[in-house]
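Structure assessment
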Amino acid sequence: MIKFDLKRIDPYWHVHPMIPTLVAVGAILVLMSWRTGHAVLGVGGGIVSALAILWAVRPALSGLMLGLGLFAGILYFGILPPAMMAGYGLLSRLLAIAFFALFYMVLMDSLFLVVSVCYNFLAGVTDMGGIRLELEPAGAVEEEASEPLS
């Protein structure tokens, strides 16, 4: 049995100092929109932040979260819609599913980034230890299963 300590989680696709800056600029634009009442600032800030987050996370994680968001959106808005959506047409429901999936993907990608930063800090910088993986060689499980009991 081989033991490994997971010291660092790396979900990053691109690591550039402008990525967190763009997220902060987008958040500032959203706050300005909330304060001034201009919806265009909020939409623009949300788009800037979302694109920066999507640029930072590996595409496989984003694709996985998009798939889960589509599944949940289809289930919630398509198959079991709430009572307030009873009069909505097919196009409105498809639009709701698409926006739900996109928002879910961006939200979960940002969660990946925050969790990995926190884990990397706690496991590496503070030396609190991390996840321990115990791996066996590929044929070890099959060999144990084929041995007769004595």
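The residue numbers shown here count from 1 along each chain, following its written sequence. Where totals are concerned, whole chains, interfaces and linings use all residues; where local detail is concerned, this predicted model gives features only for residues with pLDDT of at least 70, and gives and counts side-chain atom pairs only at 80 or more. In computing side-chain values, all of the structure's heavy atoms are included and hydrogens and water are not.

Attention now goes to a nonpolar patch on the surface. Surface patches are defined over residues having more than 30% relative accessible area and no salt bridge, joining like charges when they lie within 9 Å and nonpolar side chains (Val, Leu, Ile, Met, Phe, Trp, Tyr) when within 5 Å. Reported accessibility uses the Shrake-Rupley method at a 1.4 Å probe radius. Residues are deemed covered only where the shown protein chains occlude them. The rule for a salt bridge is simple: a side-chain nitrogen of Lys or Arg has to be within 4 Å of a carboxyl oxygen of Asp or Glu. A grouping of L70, F71, I74, L75, I79 and L80 is seen on the molecular surface, where their side chains present a nonpolar patch of about 590 Å² in accessible area. We count a stretch as a helix when DSSP gives it H or I for four or more residues in a row; a strand needs E for two or more, and each element gets its number in order from the N terminus. Here L70 shows up in helix α3 (residues 59–79).

Next up on the list: the nonpolar core. Y12, I19, A50, A52, I53, A56, V57, V106 and L113 together form the largest nonpolar core, which totals nine residues. Elements with a minimum of two residues in this core: α2 (39–56) and α4 (90–125). Contacts of Y12, omitting those with residues within four sequence positions, involve A56, R58, L113, S116 and V117. Among buried residues, those of type Ala, Val, Leu, Ile, Met, Phe, Trp, Tyr and Cys that are joined through side-chain atoms within 4.5 Å constitute a nonpolar core. Burial classes: relative accessible area under 20% of the type maximum marks a residue as buried, over 50% as exposed, and values in between as partly exposed (1.4 Å probe, protein chains only). Contacts were defined at the residue level, with two residues in contact if any of their heavy atoms lie within 4.5 Å.

What follows covers the pattern of salt bridges. Inspection of the entire model under this criterion finds one salt bridge. Its salt-bridge partner being R58, residue D10 comes within 3.4 Å of it at the nearest N-O pair. Linking D10 in the loop between β1 (2–6) and α1 (18–36) with R58 in the loop between α2 and α3, this pair joins segments that are 48 residues apart in sequence.

A few words now on the side chain of S116. Examined against the element boundaries, S116 turns out to sit in helix α4. A distance of 3.3 Å separates polar atoms of two side chains, one belonging to S116 and the other to Y12. In this view, S116 contacts I9, P11 and Y12; residues no more than four positions away in its chain are not counted. Two N or O atoms count as a polar contact when they lie within 3.5 Å, although within protein this holds only if one can serve as hydrogen donor and the other as acceptor, and sequence-adjacent residues are included solely when both atoms are side-chain atoms.

The next subject is the environment of L31. With respect to the helices, strands and loops of the structure, L31 is situated in helix α1. The sequence separation of L31 and G45 amounts to 14 residues, and the corresponding C-alpha distance is 8.7 Å.

We now examine α4. Helix span, as expected, comes to 1.5 Å for every residue beyond the first. Relative to the 52 Å expected for 36 residues at 1.5 Å per residue, α4 spans 52 Å between its end C-alpha atoms, a close match to the ideal helical length. A positive backbone phi angle near 55 degrees is found at D127, which sits one or two residues after α4.

This next bit is on the packing of α2 against α4. An axis is simply a line fitted to the C-alpha atoms; with a helix, the fit covers only the stretch in contact. Between two such axes, the angle follows the N-to-C directions and lies from 0 to 180 degrees. Two elements in contact, α2 and α4, have axes whose closest approach is 9 Å; the angle formed by their N-to-C orientations is 55 degrees. It follows that α2 is oblique to α4 by the angle criterion. Considering only the axes of α2 and α4, their crossing is left-handed. Across the interface between the two elements, A50, I53, L54 and A56 from α2 touch M105, V106, D109, S110 and L113 from α4. Each residue is assigned to one class: nonpolar for Ala, Val, Leu, Ile, Met, Phe, Trp, Tyr, Cys and Pro, charged for Asp, Glu, Lys and Arg, and polar for all the others, Gly among them. Looking at the contact of α2 with α4, its residues break down into seven nonpolar, one polar and one charged. Here roughly perpendicular refers to angles of 65 to 115 degrees, roughly parallel to angles under 35, roughly antiparallel to angles over 145, and oblique to all remaining angles. With the far helix as reference, a near helix turned anticlockwise by less than a right angle produces a left-handed crossing, and one turned clockwise produces a right-handed crossing.

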